[in-house]
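An overview of the molecular structure
One letter stands for each residue in the lines below.
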Protein chains: 2
Amino acid sequence: MNKVIIETSARHLHLSKEHLEVLFGAGYELTVKKELSQPGQYASTDKVEVVGEKGSLKMSILGPTRKETQVELSLTDARSIGVKAPVRESGDIAGTGSCKLVGPKGEVVLTEGVIAAKRHIHITPEDAAAFGVSDKQIVSVQVNCGNGRDMTFGDVVVRVSASYATRMHIDTDEANAASIAGEVEGVVIL
Amino acid sequence: MNKVIIETSARHLHLSKEHLEVLFGAGYELTVKKELSQPGQYASTDKVEVVGEKGSLKMSILGPTRKETQVELSLTDARSIGVKAPVRESGDIAGTGSCKLVGPKGEVVLTEGVIAAKRHIHITPEDAAAFGVSDKQIVSVQVNCGNGRDMTFGDVVVRVSASYATRMHIDTDEANAASIAGEVEGVVIL
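Cut-offs used in this document
- Residues numbered from 1 in each chain as written.
- Chains lettered and ligands numbered in written order.
- Predicted model: local features only at pLDDT ≥ 70, side-chain atom pairs only at ≥ 80, totals over all residues.
- Heavy atoms only, no water.
- Contact = heavy atoms within 4.5 Å.
- Buried area = accessible area lost by both parts, 1.4 Å probe.
- Salt bridge = Lys/Arg side-chain N within 4 Å of Asp/Glu carboxyl O.
- Helix = DSSP H or I, 4+ residues; strand = E, 2+ residues; numbered from the N terminus.
- Pairing = 2+ DSSP bridges.

In this assembly, 22 residues from chain A lie in contact with 22 residues from chain B. Taken together, the two surfaces of chain A and chain B that pack against each other cover about 1800 Å², and 45% of this comes from carbon and sulfur. When residues of chain A are sorted by the area they lose upon contact with chain B, A:Arg149, A:Asp155 and A:Asn176 head the list and together hold 28% of the total. Between B:Arg149 and A:Glu174 there is a salt bridge, with the nearest N and O atoms lying 3.2 Å from each other.

Below, the discussion takes up the pattern of salt bridges. Within this structure, the stated rule accounts for 16 salt bridges over all chains. B:Glu7 serves as the salt-bridge partner of B:Arg167, at 3.1 Å between the closest nitrogen and oxygen. With B:Arg167 in strand S13 (residues 167-171) and B:Glu7 in strand S1 (residues 3-9), the pair connects residues that are 160 residues apart, well separated along the chain. Two residues, B:Asp92 and B:Arg88, come together in a salt bridge whose shortest N-O distance is 3.5 Å. Taken together, the shared-partner salt bridges in this structure form one network comprising A:Arg119, A:Asp171, A:Glu174 and B:Arg149.

Residue and element names in this part refer to chain B. In this structure, strand S3 (residues 32-35) lies alongside strand S4 (residues 42-51), joined through 3 bridges in antiparallel fashion. Bridging across to S4, Lys-34 finds its partner in Ala-43. With antiparallel pairing between neighbouring strands as the criterion, S3 and S4 make up a hairpin whose turn holds 6 residues, including Gly-40 at a positive phi of roughly 90°.

Without other data, these values stay purely geometric and don't point to any function.
Right under this line is the structure:
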């Protein structure tokens, strides 16, 4: 059986360098709070208020900065603050939702970049070969936590890179729907 | 294929007659807002504030009154207001979560009764025979909405009664995890 560790991503955002400086001031650098499982990625102590038509949520910024700003939230979150959040792969933000970002030093009107992340597996080339999967392949992942909500996630996209650690990422709605608390393993089904 | 209509239940509560009167005053009757798919069940216009350790949420009361008060919310809701909500079938509330209920005329400290509903299918005896399922059987339900989050829900409990309409009920986390918006059909898998 091809087993993968599943991690749950709470709502968060990635900022472009330009937006980071508008929100926090010129030359601002994010403060690392915790290294994440994907090499080089980290949660920062810095937060931004993400404002929709019906409300707002404070969200942590993940670093380092990226080419484009991207807000990732659950569909529950999106509904609660009144933003549109299509299910998309990270980086595929054309035509996605809009919002306002409010930081300590300034604001950004984001015309697109709000998404609900498509569930995905980051995988190393070595593990991909062992699992028999390739980049962009769609697989299913079975999760049986024994908490009364066994689940098989379909539409899981595989992303292969030597810069990855092998992990599946889901959002909080998906974790709750499968009654996943903490880190669990799923079985990849081709 | 055995197809079932899937309905999403937002957070709500059922009240005992005693608690209804504490919260709203002696002799109070719920006001029907909308008949639900299950015969005799209705959403009322009346709301109660459900208070946990970290926050509170206003929830609609479903009628008619029941033998025991029961709060049904998603695990996202439970986390946001700080209540414990084990995954349970309706009515199976021994040892479940506690909260405070605040109404216009009084308050109730609920020592148990807070649950995340176990996903389930209400089914008529005729449909159960046609589907080949029996009361309390655990089945799976496959949902492919084409929204990028195809899903197979395991651990779906079947409940057979002549007083039911045939419908599957899930909560908002489960609907969001499968990107279900509005009413969709699922395929029951034995």
